[in-house]
Amino acid sequence: MYLTPHFSAYRVDESVEFFKEIENVFNEGDPAALQVEPEFTAYKKESEILREVYKTGQKSVITVKIELKDKSRDKDINGITALAKAYLHHYDAEIADAAILILSEIDKYGGKIAKKNYQAETAVLDDLVDLYKTKAEFNAAVQKLNMADWFTHMETENNDFKVLMKQRDEEEAGKPKQKTSDQISVCIEKYEKLIMHLTAYG
């Protein structure tokens, strides 16, 4: 009646859900009448521990803030790029030239800056902001296209992002490592023992 699940093929969340469902099945029945109450109690305890371990391993508040801040700086660099591309077709040659200059610098980083990993994107945005602040020609092009506020906002968002990343690193360093995989192994052992007793008395 009870098939052995292929736990090795399960994602962590699938394993957590499976063990919870087994709890529900037995809770709806009568473990005592099935003569597996001790085994079920032991199993349920470990399943509850697994859910807690899994929950504490989920996104922290800082991680959520990091993701939101990353989206904000993505909008900045994507917006700057899109606007510069639009200006390539401007009737004013000076404005078109400014757009060409800005895009030539952005293109040095291979395009799709917002798709890079966190560290790589942070470094690129730092470089572009530094370019805006230190290279007169690039600064003039940014001013020509009225992008100064956008670069300032991108700098702020990128700096905030770096602060959040540091905070998360510090948070993670202070946490005991959650061994979800180890607890899953414990749950599997308790589950198999529970099913073995159920089959023996069934």
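Right above here is the structure, for reference.
Conventions used here
- Residues numbered from 1 in each chain as written.
- Predicted model: local features only at pLDDT ≥ 70, side-chain atom pairs only at ≥ 80, totals over all residues.
- Heavy atoms only, no water.
- Helix = DSSP H or I, 4+ residues; strand = E, 2+ residues; numbered from the N terminus.
- Buried < 20%, exposed > 50% of the residue type's maximum accessible area, 1.4 Å probe, protein only.
- Contact = heavy atoms within 4.5 Å.
- Core = buried A, V, L, I, M, F, W, Y, C linked by side-chain atoms within 4.5 Å.
- Lys, Arg positive; Asp, Glu negative; His and termini not counted.
- Salt bridge = Lys/Arg side-chain N within 4 Å of Asp/Glu carboxyl O.
- Phe/Tyr/Trp six-rings, centres within 6.5 Å; stacked < 30°, edge-to-face > 60°.
- Arc of directions from axis to C-beta.

**Student:** How do you make sense of the side chain of Glu105 when you look at a structure like this?
**Tutor:** Secondary-structure assignment places Glu105 in helix H4 (residues 93-107). Judged by relative accessible area, which is 7%, Glu105 ranks as buried. With sequence-adjacent residues up to four places away left out, Glu105 is seen in contact with Leu128, Leu131, Lys135 and Phe138.

**Student:** Help me understand the nonpolar core, please; the structure alone is not making it clear to me.
**Tutor:** Within soluble globular proteins, side chains that are nonpolar tend to cluster in buried spots. Of all hydrophobic cores here, the largest spans 26 residues; its most connected members are Ile77, Ile102, Leu128, Met147, Phe151 and Met154. Put simply, the parts of the chain that give this core at least two residues each are helix H3 (61-87), H4, helix H5 (118-134), helix H6 (136-144) and helix H7 (148-173). Among the nonpolar cores identified, the runner-up in size contains 17 residues, and Phe18, Phe19, Val36 and Tyr43 belong to it.

**Student:** Whenever I open this one, the side chain of Glu39 confuses me. Can you help?
**Tutor:** Note that Glu39 resides in helix H2 (residues 37-56). Put simply, Glu39 is tucked away with no salt bridge, and the nearest opposite charge, on Lys193, sits 5.7 Å away. Once residues within four sequence positions are removed from consideration, Glu39 is found in contact with Lys193, Leu194 and His197.

**Student:** What is the right way to read the packing of aromatic side chains from this model?
**Tutor:** Between two aromatic rings, the relevant description is the distance of the centres plus the angle of the planes. Tallied over the entire structure, the rule returns 14 aromatic pairs. On the numbers, 5.4 Å between centres and 80° between planes, the contact of Phe7 with Phe18 is edge-to-face. Of the two residues, Phe7 is situated in the segment before helix H1 (12-28) and Phe18 in helix H1; the sequence distance between them amounts to 11 residues. With respect to burial, Phe7 and Phe18 carry one shared label: buried. Between the aromatic rings of Phe138 and Phe151, the centroid separation amounts to 5.8 Å while the plane-to-plane angle is 80°, which identifies the pairing as edge-to-face. Of this pair, Phe138 sits in helix H6 while Phe151 is found in helix H7, placing the two residues 13 residues apart along the sequence. Both residues of the pair, Phe138 and Phe151, belong to the buried class. What links up through ring pairs into an aromatic cluster is the set Phe7, Tyr10, Phe18, Phe19, Phe26, Phe40, Tyr43 and Tyr191.

**Student:** I'm lost on the pattern of salt bridges in this one. Help?
**Tutor:** When the charged atoms of two side chains lie near each other, side chains of opposite charge can form a pair. Counting across every chain of the model gives 12 salt bridges. In this structure, the salt-bridge partner of Glu14 is Arg11, at a minimum N-O distance of 3.3 Å. For Glu14, a relative accessible area of 30% translates into the label partly exposed. Lys144 is the partner of Glu94 in a salt bridge, and the nearest nitrogen-oxygen pair spans 3.0 Å. Of the two residues, Glu94 is situated in helix H4 and Lys144 in helix H6; the sequence distance between them amounts to 50 residues.

**Student:** What is the right way to read H6 from this model?
**Tutor:** Each full turn of the α-helix corresponds to 3.6 residues, which orients residues three or four apart in the same direction. Within the sequence span of H6, burial applies to Phe138, Ala141 and Val142. Viewed end-on, H6 has its buried residues packed into an arc of 100°, placing them on one side of the element. Of the exposed residues in H6, the ones pointing more than 90 degrees away from its buried face are Ala136 and Glu137. Asn146 lies just past H6 and shows a positive phi near 55°.

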